[in-house]
Amino acid sequence: MPAVKPYDEMHAEDGSVREHYRTFSSWLDRTPKDRVAQKRTEADSLFHRVGITFAVYGEEAGTERLIPFDIVPRIIPAQEWQHLAAGLRQRVRALNAFIADIYHDQNILAAGRIPAEQVLCNGQYRPEMQGVDVPGSIYAHIAGIDVVRAGRGEFYVLEDNLRVPSGVSYMLEDRRMMMRLFPELFAQHSIAPVEHYPDLLLENLRSVAPHGVNDPTVVLLTPGAYNSAYFEHAFLAQQMGIELVEGQDLYVEDEFLYMRTTRGPQRVDVIYRRIDDDFLDPLAFRPDTMLGVPGLLSAYRAGRVTIANAIGTGVADDKSIYPYVPEMIRFYLGEEPLLSNVPTYVLRRKEDLDYTLAHLNELVVKEVHGAGGYGMLIGPAATTAQIEEFRQRILRNPEKYIAQPTLSLSACPTFVDQGIAPRHLDLRPFVLSGSEVTLVPGGLTRVALREGSLVVNSSQGGGTKDTWVLEK
Amino acid sequence: MLSRTADHLYWMARYTERAENLARMLEVNYRMSLLPQGSEIVEQGWIATLTIIGLMDAFKQRYGAVTPANAIAFLVFDRDNPMSIYSCVRAARENARAVRGTLTSEIWESINATWLEMRVAGMRPSSEAEVGNFFEWVKYRSHLTRGVVQGTMLRDEAWHFTWLGTYLERSDSTARILDVKYHLLLPRGEKAGGAADYYQWGALLNSVSAFEIYRRVYRDLITPRRVAELLVLRADMPRSLHRCVSQVYTHLTAVRNSQSAETERRAGELHASLLFGRIEHIFELGLHEYLVQFMGRTRDLGERVSRDFLVSSAD
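Residues numbered from 1 in each chain as written. Chains lettered and ligands numbered in written order. Predicted model: local features only at pLDDT ≥ 70, side-chain atom pairs only at ≥ 80, totals over all residues. Heavy atoms only, no water.

Student: For this particular structure, what's the right way to read the domain arrangement of chain B?
Tutor: Size of an interface: often given as the accessible area lost when the parts come together. Residue and element names in this part refer to chain B. When cut into domains, chain B gives domain 1 (1-153) and domain 2 (155-315). Each side of the interface is counted separately: domain 1 has 34 residues, and domain 2 has 34 residues. Counting each side, the surface lost to burial between domain 1 and domain 2 is near 3200 Å², with a carbon and sulfur contribution of 61%. Summed over the shared surface of domain 1 and domain 2, the result is 5 salt bridges. Among the salt bridges present, the one from Glu20 reaches Arg239, with a minimum N-O distance of 3.4 Å. Inspection of the domain 1/domain 2 interface yields 14 residue pairs in polar contact (both at pLDDT 80 or more). When residues of the side of domain 1 that touches domain 2 are traced back to their parent elements, those giving at least two are α1 (3-33), α2 (39-52) and α7 (128-152). Ranked by the residues each element gives to the side of domain 1 that touches domain 2, the list is headed by α1, at 19 residues. Broken down by class, the residue content of the side of domain 1 that touches domain 2 amounts to 16 nonpolar, 9 polar and 9 charged. (Domains from an automatic or database assignment. Contact = heavy atoms within 4.5 Å. Buried area = accessible area lost by both parts, 1.4 Å probe. Salt bridge = Lys/Arg side-chain N within 4 Å of Asp/Glu carboxyl O. Polar contact = N/O pair within 3.5 Å; in protein donor to acceptor, adjacent residues only side chain to side chain. Helix = DSSP H or I, 4+ residues; strand = E, 2+ residues; numbered from the N terminus. Nonpolar A, V, L, I, M, F, W, Y, C, P; charged D, E, K, R; others polar.)

Student: How do you make sense of the pattern of salt bridges when you look at a structure like this?
Tutor: Should the charged atoms of two oppositely charged side chains come close, the side chains can pair. Residues and elements named next belong to chain A. With the rule as written, the count across this model stands at 56 salt bridges over all chains. A salt bridge links Asp354 to Lys350, with the nearest nitrogen and oxygen atoms 2.6 Å apart. Of the two residues, Asp354 and Lys350 both sit in helix α13 (residues 350-358), 4 residues apart, roughly one turn of that helix. For Asp354, a relative accessible area of 38% corresponds to the partly exposed category. (Buried < 20%, exposed > 50% of the residue type's maximum accessible area, 1.4 Å probe, protein only.)

Student: Could you clarify how one ought to interpret the sheet that holds strand β16 (residues 376-378) of chain A in this entry?
Tutor: Backbone-to-backbone hydrogen bonds pair the strands of a sheet. The strands run either parallel or antiparallel. All names here are of chain A. Here we have 4 strands laid out as an open sheet, ordered β14-β17-β15-β16, and antiparallel in their pairing. Edge positions in the sheet fall to β14 (345-346) and β16, since each has one partner strand and no second. Relative to β16, strand β15 (residues 363-367) runs antiparallel, the two being bridged by 3 bridges. What sits directly across from Val365, in β16, is Leu377. Seen against the sheet, helix α14 (residues 384-396) touches β15, β16 and β17 (401-405) and runs at an angle of roughly 140 degrees to β16. (Pairing = 2+ DSSP bridges. Axes fitted to C-alpha atoms, helices over the stretch in contact; angles between N-to-C directions.)

Student: What is the right way to look at unusual backbone geometry in this model?
Tutor: Negative phi is the rule for most residues except glycine; trans is the rule for most peptide bonds. Residue and element names in this part refer to chain A. Note that the residue after Ala308, namely Asn309, is joined by a cis bond; omega there is -10 degrees. Structurally, Asn309 is set in the loop between β12 (306-308) and α11 (314-317). Residue Gln106 is not a glycine yet carries a positive backbone phi of 60 degrees. Among the secondary structure elements, Gln106 is positioned in the loop between α3 (78-102) and α4 (107-110). What makes Gln106 buried here is its relative accessible area of 18%. The residue Glu255 is not glycine, and still its phi comes out positive at about 65 degrees. Within the secondary structure layout, Glu255 lies in the loop between β8 (250-253) and β9 (256-261). Looking at Glu255, the relative accessible area reads 36%, which means it is partly exposed.

Student: Help me understand the interface of chain A and chain B in this model?
Tutor: The interface of chain A with chain B comprises 29 residues on the first partner and 37 residues on the second. Across the pair Arg263 of chain A and Glu157 of chain B runs a salt bridge, and its minimum N-O distance is 3.5 Å. In this assembly, chain A and chain B are joined by 15 residue pairs in polar contact (both at pLDDT 80 or more). Looking at the side of chain A that touches chain B element by element, the count peaks at 4 residues for helix α9 (residues 230-240) of chain A.

Student: What exactly am I supposed to notice about the sheet that holds strand β7 (residues 243-245) of chain A here?
Tutor: Residues and elements named next belong to chain A. A sheet is described by the order of its strands in space; here 4 strands give the open sequence β7-β6-β11-β12, paired in parallel fashion. With partners counted over all chains shown, the strands left at the sheet margins are β7 and β12, one partner each. Looking at each pair of strands side by side, their axes are set apart by 30 degrees on average, direction ignored. Inspection of the sheet shows strand β6 (residues 218-221) paired to strand β11 (residues 270-273) by 4 bridges, in the parallel sense.

Student: What exactly am I supposed to notice about the nonpolar core here?
Tutor: Note on soluble globular proteins: their nonpolar side chains tend to be buried together. In this structure, Ile85, Met118, Phe134, Phe135, Leu178, Val227 and Leu274 of chain B are the most contacted members of the largest nonpolar core, which totals 97 residues. The residue makeup of this core includes at least three contributed by each of domain 1 (1-153) and domain 2 (155-315) of chain B. With sequence-adjacent residues up to four places away left out, Leu178 of chain B is seen in contact with Leu204, Val227, Ala228, Leu231, Val232, Leu287 and Leu291 of chain B. One finds Leu109, Tyr156, Val293 and Tyr300 of chain A within the second-largest nonpolar core, a separate group that totals 70 residues. (Core = buried A, V, L, I, M, F, W, Y, C linked by side-chain atoms within 4.5 Å.)

Student: For this particular structure, what's the right way to read α2 of chain B?
Tutor: An α-helical segment advances 3.6 residues per turn. Residues three or four places apart therefore align on the same side. Residue and element names in this part refer to chain B. Relative to the 20 Å expected for 14 residues at 1.5 Å per residue, α2 spans 20 Å between its end C-alpha atoms, a close match to the ideal helical length. Residues Val42, Gly45, Trp46, Ala48, Thr49, Leu50 and Ile52 constitute the buried set of α2. Gly54 occupies a position one or two residues after α2 and carries a positive phi of about 75 degrees. (Expected span 1.5 Å × (residues − 1).)

Student: Hey, could you run me through the pairing of β11 of chain A in this one?
Tutor: Along a regular strand, successive side chains alternate from one face of the sheet to the other. All names here are of chain A. What you see with β11 is no split at all: Val270 and Tyr272 on one side and Ile271 and Arg273 on the other are buried throughout. Inspection of the sheet shows β11 paired to β12 by 3 bridges, in the parallel sense. Counterpart to Ile271 in the pairing with β12 is Ile307. Handedness of the β11-helix α10 (residues 296-301)-β12 crossover: right-handed. (Right-handed = clockwise from strand over helix to strand, strands pointing away.)

Student: What should I look at first to understand the packing of helix α13 (residues 261-275) of chain B against helix α15 (residues 287-310) of chain B in this one?
Tutor: To describe two helices that pack against each other, one gives the angle between their axes and the distance between the axes. All names here are of chain B. Following both chains from N to C, one finds α13 and α15 inclined at 155 degrees, their axes separated by 9 Å at the closest point. When the axes of α13 and α15 are compared, the pair comes out roughly antiparallel. Classified by chirality, the crossing of α15 by α13 is left-handed. In this structure, α13 uses Glu262, Thr263, Arg266, Ala267, Glu269, Leu270, Ser273 and Leu274 to contact α15, whose residues at the interface are Tyr290, Phe294, Arg297, Thr298, Asp300, Leu301, Arg304, Val305 and Asp308. (Parallel < 35°, antiparallel > 145°, perpendicular 65-115°, else oblique. Left-handed = near helix turned anticlockwise from the far one by under 90°.)

Student: I keep staring at empty space enclosed by the protein and nothing clicks. Help me out?
Tutor: Think of a ball as big as a water molecule: rolled over the atoms, this probe shows where empty space is left. All names here are of chain B. Scanning all chains against the criterion turns up 5 cavities of 30 Å³ or more. Put simply, the largest cavity is a space of about 140 Å³. Lining the largest cavity are 14 residues, with Thr16, Val89, Thr114, Arg141 and Ser142 sitting closest to its centre. Those elements that provide at least two residues to the lining of the largest cavity are α1, α5 (85-98), α6 (105-123) and α7. (1 Å grid on protein atoms, 1.4 Å probe; cavity = no way out; pocket = protein on both sides within 12 Å on 5 of 7 lines; lining within 4 Å. Points joined across faces, edges and corners; volume = space filled by probe spheres on them.)

Student: Explain the packing of α1 of chain B against α5 of chain B to me, please; I cannot follow it from the model alone.
Tutor: All names here are of chain B. Interhelical geometry of α1 versus α5 gives an angle of 160 degrees and a closest axis separation of 8 Å. Considering their axes alone, α1 and α5 lie roughly antiparallel with respect to each other. For the crossing formed where α1 meets α5, the hand is left-handed. From α1, Arg4, His8, Trp11, Met12, Tyr15, Thr16, Arg18, Ala19, Leu22, Ala23 and Leu26 reach across to α5, where they touch Ile85, Cys88, Val89, Ala91, Ala92, Asn95, Ala96 and Ala98. A breakdown of the residues in the contact of α1 with α5 according to their chemical character gives 14 nonpolar, 3 polar and 2 charged.

In structure tokens form, the structure reads like this:
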């Protein structure tokens, strides 16, 4: 592990409590330990009863697991948030401009700012989308941008999630839970609300309906109740008051999309889909899937229905494209990026490959198509054997990997078995793009519960915290 | 609303009601087995129950001898028996989970909590005394869920399909409860009077929460004919066939679509026969024959509801 002490969200280097944590910290000192313990138990049973769980594949129906919830909030002062939010909006505007460009004139490739083969030979590039116009030229309507703090607390963008980013329900439920458990804390702080996210999302989806549709019908397309994120799909559909549909509920006729209802067919104008491109339409993509809707792509290309996020957004959030995002911001917006990328070595480049192979024990190496914390090497934590094995994998297909220095991720006090101890965390704010670009002040804070671990994914034992953006 | 959503709501309600009715049916057997009588009569009761709900063969294959302990194990916690109380509660919860976005959070929480507690209960062996409490608990949870539906749900299509499921299931179940008991009791019941009869009929009435109602309505001895009249023809008796069918008809007309006219007519016809029917005529036909016919007609209604609303075709 890096010798540098990670940035502590609550405590300054001299051990004093940072200003924005003072009220919370003194509340924690004042509150009897058994009351806190009792509230933590209560939180667990509430999450179970409400069913805020994720399904675990391969277990008996009706068994779901909780994502651990930690009651120490992650607090962000107003000024820091304003900077972060401006940077996120800028980034997402550039990413949308990039996708629109790639599927139309490809100016950025012609200008030589990104190698063309990097984009066009990428498995996430969808030739079916070439020349297709989408409402408002918006592709990534919902973006989940993973942000970390390192060094002395500066923000870095770790990853852009532009396909079907998930986790927003935990942002909302964590807030609801904190308000239920500790209402007094909300009276003592001025915390920016996030509860209106579903309203913003619905408005955003309605704003990108096909041209000429005045009162669009929006639906949420889920793979079904056995999907691990099903709770979130159901939750969002309910909060927005829209139908939660599965592929079998929809069909395409004469390039229009319909859903089957108890009163016959009903037109659908906007699909908020929570299934991957590959499964959307068996006629266009994977033929063996039952999750999608035959003919959906034809209706989409004819402009009869909006799909959010658009098909083919993966071309912009791939780890091999990530290093070029600052360049996109300069190219499309003529601005300097407000948020930094993590320095990244692209192993298809000879000099980056050589450097990486010589420094494997210091670097994090990631598969460019990997997700969920799988398929990566964390050099400082790996054994010699693991490093050697990974070296061989890299040598076989260098273009499948990128490498980054191990950041000393910031840590926040967190309840663990031994008491309260610092644990590493990240942040995923959700940026909505439609007729305008908006985001609610906050996001999903994920925390690695194992000591020293940098992996915050829920599939790998990560937990969540409520995220407070202070209003002043 | 989506046909699939309606289908899940309808089955959520049916399974919730089915679990409750199963508990009622088992409770009456269980109570009777506590009365001073030969084990043969107790066994008769279980055989009749298993036969009427159509599970005798499945039971024999898995358990062999008909004993109260075996029958209860099979019908209560056996997760491989799709009709056990355990399985019904699980199915209700799985259907609710599939449409939890359509349910109020209170309804979902109620159904989910029932399932979570059921899983815990299913993990430990229960003593005889606990079984009685368990039946009470199942009924109580069902009351709670129904009350939450009543108290929190928007009166829209979702509401009507939920109650359609509830009342179709209940009509079938009351018919079965009556059939199984009548089958057993009638030969002795016709003599009327006698302490054993009193308890037997009392247990039957209790199982459909009708003992006190019977007293209020008739203010007289318990006779088989009146029990049948109460459970078949009385419109004000909440679990009677008449009451159930009239509710089915009401909710059916509320969700009417372009292909449901014949289903509505059949429900209306059945309702009219109960509205204007007389117990004497039913007894002339034979109560058992009447009930078999009735169950055939409600099964037909259930199939037609599925076809008309729940699995609509693409075009």
